[in-house]
Amino acid sequence: MLETALKGSRTYWSWVIFLLAVIGVGFISYIYQFRVGLGITGMSRDVSWGLYIGQFTFLVGVAASAVTIVLPYYLHNYKKYGRIAVLGEFVAVASVTMCMLFIFVDLGQPLRVLNVLLHPTPRSVMFFDMVVLSGYLLLNILCGWYVLGAERKGVPPAAWIKPFIILAICWAPSIHIVTAFLYQGLPGRHYWLTAIMAAKFLSSAFAAGPSLLIVISLILRRFTRFDPGWEAIQTMAKTSLYFLIVTLAFYGFELFTAFYSNIPGHMHSFKYLFTGIHGYTKLVPVMWICTALAAVALPILIIPQARRNETALGFAAVATFLCLWLEKGISLVVGGFIPNPFERVFEYWPTIPETLITLGVWGIGFFILTILYKVAVSVKEEAIFDKYGERQVRV
Amino acid sequence: MGISRREFLKIAGASAIVGLGGISAIEILHPGQFEASQVSRGPKALVGKRWAMVIDMKKLDKQTMQKCIDACHRIHNVPDIEKPKEEIKWIWKETFEHAFPGQEHEYMGEDIKHLPLLVLCNQCDNPACVRVCPTKATYKREDGIVMMDMHRCIGCRFCMAACPFGARSFNWRDPRPFIKEENKEYPTRMKGVVEKCTFCYERLAVGLQPACVEESKGAIIFGDLEDPDSEVSKILHSKYTIRRKSELGTRPSVYYIV
Ligand code: SF4
Ligand code: SF4
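Cut-off values and rules
Residues numbered from 1 in each chain as written. Chains lettered and ligands numbered in written order. Predicted model: local features only at pLDDT ≥ 70, side-chain atom pairs only at ≥ 80, totals over all residues. Heavy atoms only, no water. Contact = heavy atoms within 4.5 Å. Buried area = accessible area lost by both parts, 1.4 Å probe. Salt bridge = Lys/Arg side-chain N within 4 Å of Asp/Glu carboxyl O. Near = heavy atom within 4 Å. Nonpolar A, V, L, I, M, F, W, Y, C, P; charged D, E, K, R; others polar. 1 Å grid on protein atoms, 1.4 Å probe; cavity = no way out; pocket = protein on both sides within 12 Å on 5 of 7 lines; lining within 4 Å. Points joined across faces, edges and corners; volume = space filled by probe spheres on them. Helix = DSSP H or I, 4+ residues; strand = E, 2+ residues; numbered from the N terminus. Buried < 20%, exposed > 50% of the residue type's maximum accessible area, 1.4 Å probe, protein only. Phe/Tyr/Trp six-rings, centres within 6.5 Å; stacked < 30°, edge-to-face > 60°. Pairing = 2+ DSSP bridges. Axes fitted to C-alpha atoms, helices over the stretch in contact; angles between N-to-C directions.

K.L.:
Could you give an account of the interface of chain B and chain A, with specific residues and numbers?
P.N.:
Between chain B and chain A, the contact holds 65 residues from the first and 63 residues from the second. It is Ile154(B), Phe158(B) and Trp172(B) in chain B that bury the most area against chain A; as a group they hold 12% of the surface buried on that side. The tally of links between chain B and chain A comes to two salt bridges. Here Arg157(B) makes a salt bridge to Asp106(A), at a shortest N to O gap of 2.6 Å.

K.L.:
Tell me what's going on with the site of ligand 1, and back it up with residues and numbers.
P.N.:
By nearness alone, 13 residues border ligand 1, and Cys121(B), Asn122(B), Cys124(B), Cys129(B) and Cys163(B) come closest of all. Looking at the shell around ligand 1, its residues break down into nine nonpolar, two polar and two charged.

K.L.:
Give me the site of ligand 2: which residues, what numbers.
P.N.:
Around ligand 2 lies a shell of 13 residues, among which Cys133(B), Cys153(B), Cys156(B), Arg157(B) and Cys159(B) are the nearest. Its residues assigned to classes, the shell around ligand 2 shows nine nonpolar, three polar and one charged.

K.L.:
How would you explain the layout of surface pockets if you had to name every residue and give the values?
P.N.:
Residue and element names in this part refer to chain A. Here the largest pocket is characterised by a volume of approximately 1300 Å³. Looking at the largest pocket, it is lined by 40 residues, and the ones nearest its centre are Trp15, Leu19, Ile219, Phe366 and Thr370. Sorting the residues of the lining of the largest pocket by element identifies helix H1 (10–36), helix H8 (196–223), helix H13 (310–337) and helix H14 (352–383) as the ones contributing at least two each. Tallying contributions element by element places H14 first for the lining of the largest pocket, with 14 residues. Residues of the lining of the largest pocket, tallied by class, amount to 26 nonpolar, ten polar and four charged.

K.L.:
Got a sec to walk through the pattern of salt bridges? Specific residues and values, please.
P.N.:
Close approach of charged atoms allows side chains of opposite charge to pair. All told, the structure shown has 21 salt bridges over all chains when counted by the stated rule. For Arg141(B), the salt bridge goes to Asp143(B), with nearest N and O atoms at 2.8 Å. On the accessibility criterion, Asp143(B) (4% relative accessible area) is buried. Each of Arg221(A), Arg222(A), Asp227(A) and Glu310(A) takes part in a single network of salt bridges with overlapping partners.

K.L.:
Any details on the packing of aromatic side chains? Residues and values, ideally.
P.N.:
In total, this model carries 35 aromatic pairs over all chains according to the counting rule given. Ring centres of Trp49(A) and Tyr183(A) lie 6.0 Å apart, and the angle between their planes is 80 degrees; this geometry places the pair in the edge-to-face category. Of the two residues, Trp49(A) is situated in the loop between H1 and helix H2 (51–64) and Tyr183(A) in helix H7 (residues 161–184); the sequence distance between them amounts to 134 residues. With respect to burial, Trp49(A) and Tyr183(A) carry one shared label: buried. Pairing Trp51(B) with Phe222(B) gives two aromatic rings, centres 4.9 Å apart and planes at 20 degrees, and the pair type is stacked. Remark: Phe222(B) occurs in strand S8 (residues 220–224) and Trp51(B) occurs in strand S1 (residues 51–56); sequence separation between them is 171 residues. Side by side, Trp51(B) and Phe222(B) carry an identical accessibility label, which is buried.

K.L.:
Provide a residue-level description of the sheet that holds S8(B), including the pertinent values.
P.N.:
All names here are of chain B. With mixed pairing, the three strands of this open sheet are ordered in space as S8-S1-S9. The open sheet has two edge strands with one neighbour each: S8 and strand S9 (254–257). When strand polarity is set aside, the average angle formed by the axes of neighbouring strands in this sheet is 20 degrees. Inspection of the sheet shows S1 paired to S9 by four bridges, in the parallel sense. By the bridge assignment for S9, Met53 is matched with Val254. Its contacts with the sheet put helix H10 (residues 231–238) on S1, S8 and S9, and the angle it makes with S8 is roughly 110 degrees.

Now the structure itself:
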C-alpha cells in the first residue's frame, strides 16, 4: 500500500518538500542543541521544562482523542465514522511519534534514553508513560493499517483485529491520564496539584483532537476526491463543542477553588498567567489570546446555523485547536513553575533554535500524517463506496 | 489478508526504533567509568542510619556562610556560572521570606524578612525527587543520603519539577570551562545531567564531617537522627527547630534554628 504515497500531484509534492525543509532546519538546530546542551533553549533552573514538554503533553491528548472517533464507530456502530476511523488512528500514530520525539529532544543525555528500560522503575510515572505510549503507538499502527488493507481488498476485516481495537479504545484514555499524573502528583507545585488535572486533560484532548480532524477533513474535501462525509464532520464538531464546554467548566472550577479558598499558593500561578506578578507578564498575552479564541469558537460551535457553515466551522475548529494548544502546550507547563519554590519569579520564553526544533518535530509528525493519509485517501478513492455502500468519492 | 505481514512489520519496526531511540546502544557499549556512589568506605568512615543537619542561624554570620558555600563549591567542582538562568548551586543564601514562604508576615521587621539563611538539599526522608526518577539515577542510600548517579541520569529533569525546595541544578551546558580550580579528587560533571548536594558522602566515607559543617565554626551540626545520643538528636529534643515546607510530607533532614 505504501507505494501509493509515491504517486501524487504537484501540490502533494510541494507540501512534502516543504515539510522536509522544516524537518531539515529542525534537525540542524537539534545538532546544535546536541553539541552545546539545553542551554540554547529558554529553559532555566527555575523553569526546567518548556515548549518541548508542553508539546509532548498536548500531543498525548491529540493521540488519545482518536478514541472519540473509534469508540462511537466500533462500539456503537456509528456508521458515519466508518470512513474516517482510520484517519483518527493515523492522527494517533503521528501524534505519539511526535510525543516520543519531544521527550527525546528534551533529554539532557539523549543517548542514555534506554536507561529507562535498562533500569525499569515502576514507581516513576515517567516510566509508565513510556510504556503506555509505546503500546498505544503499536496498537494504532496495527488497527489502522490492517483495517485499511482490508478495505483495499474489498473484504471485511477479520475477527481477530476486533480485540485489538477494543484494547486500543481502553488504552487511549490511559495514556493521557498517566501524562496528567506526571504533573498532578508533585508536591509543592500548586498549579498542577489538583485531582481534576487528569479529567481536564482528557476533556481538552477530546475537544482539540476532533477539531484537528475537522480541519483535516475539510482540507481533504477540498484537495482530494475523498469525502469524509459532512455528517461525520458535524458530529465531530458537536463532540468538540461539548468537550470544550466541559474543559472551560473544569478550568472555572479550578479558578473557584483557588480564589474562593484564597490560599496564596493556589492563586499565584493563575495571577501570573492572567495578570502577571511583580511586573512579570510574558504569558499574559498568551492567556488572553487563549481566552479570546475560546470566546470565538464557542458561539460558532453552539449555534447550529453557524456550525453548518463550512467556513465558520473551519474557523471555529482552528480557534479551538489553537486555544487548547496555548493552554496545554505552553501555559500549563510554564505556569506550574512560576513562581518558583522560593516564590520568586523567573520567566520563560522559547528561543529561536528551540522553536525551530519544535517546528521540526511537528514537521516530522505532519510528514508521517501526510504519508499515511496519502495511502488512506488513495485506498478510499479507489474503493469509491464505503463499507455501507455510500459513495465516499465525489464525482 | 488485507495487509501483507511484512509491510506491517516494517512499519512497526521502524516506529519502535524511533520510539526507543536506537542510538542508545552507544551508551551501553561505553558505560561510564565508575558510578559516583561507589566510593568505598574507609576504616574511619562515619556511619549513621539517618544523617541530618541542624543549622543554627543565630550563630551564622554572612562571612561564615560565604565560607561554607565556597568550600562546598570548591571541593565539589561546582561551576561558577554567572547567568542566573544556567546557575548551578549546591548550597546558597536565601532570605527568610523566600526560604520559608508563608511564614513571613507584614509586621515582621525587614531585618528578619531579609535575614539570609543557608539552603541546600534537605536529604528528605521521603524524597519526591527519588520517587519520580525514571532510572533510579537519584536514590536514597541506607544512611538517608539522597544520592545522584551522574552516569545514569538521562537529564529528563523530572526530579527538578518534583523537588519542592528548588534544590536541584541542571547542567545546561558543559560545566568544565566554568570550574576555576579543579579538585582532582572529585568527579566533574558533563552537560545534560542534574546535580545537587549529597551531604559530602565522599568525606563521610573517610571519617570527615561535611565541608560546610567544618567551615561553619559550630553553627551547623551534623549527626545521626537514629542515634539518641548524637548532638543533632539532643538539639532537636531540647530546642525549637523548624524545617522548610514540612507540610508537604517529604520529611526534610535539615532543621533550622532561626
Ligand atoms: S530537597 Fe529536593 S532534591 Fe533534596 S531530597 Fe528533598 S526532594 Fe530531593
Ligand atoms: S534528571 Fe536524572 S536524576 Fe532527575 S529524574 Fe531524570 S534521570 Fe533522574
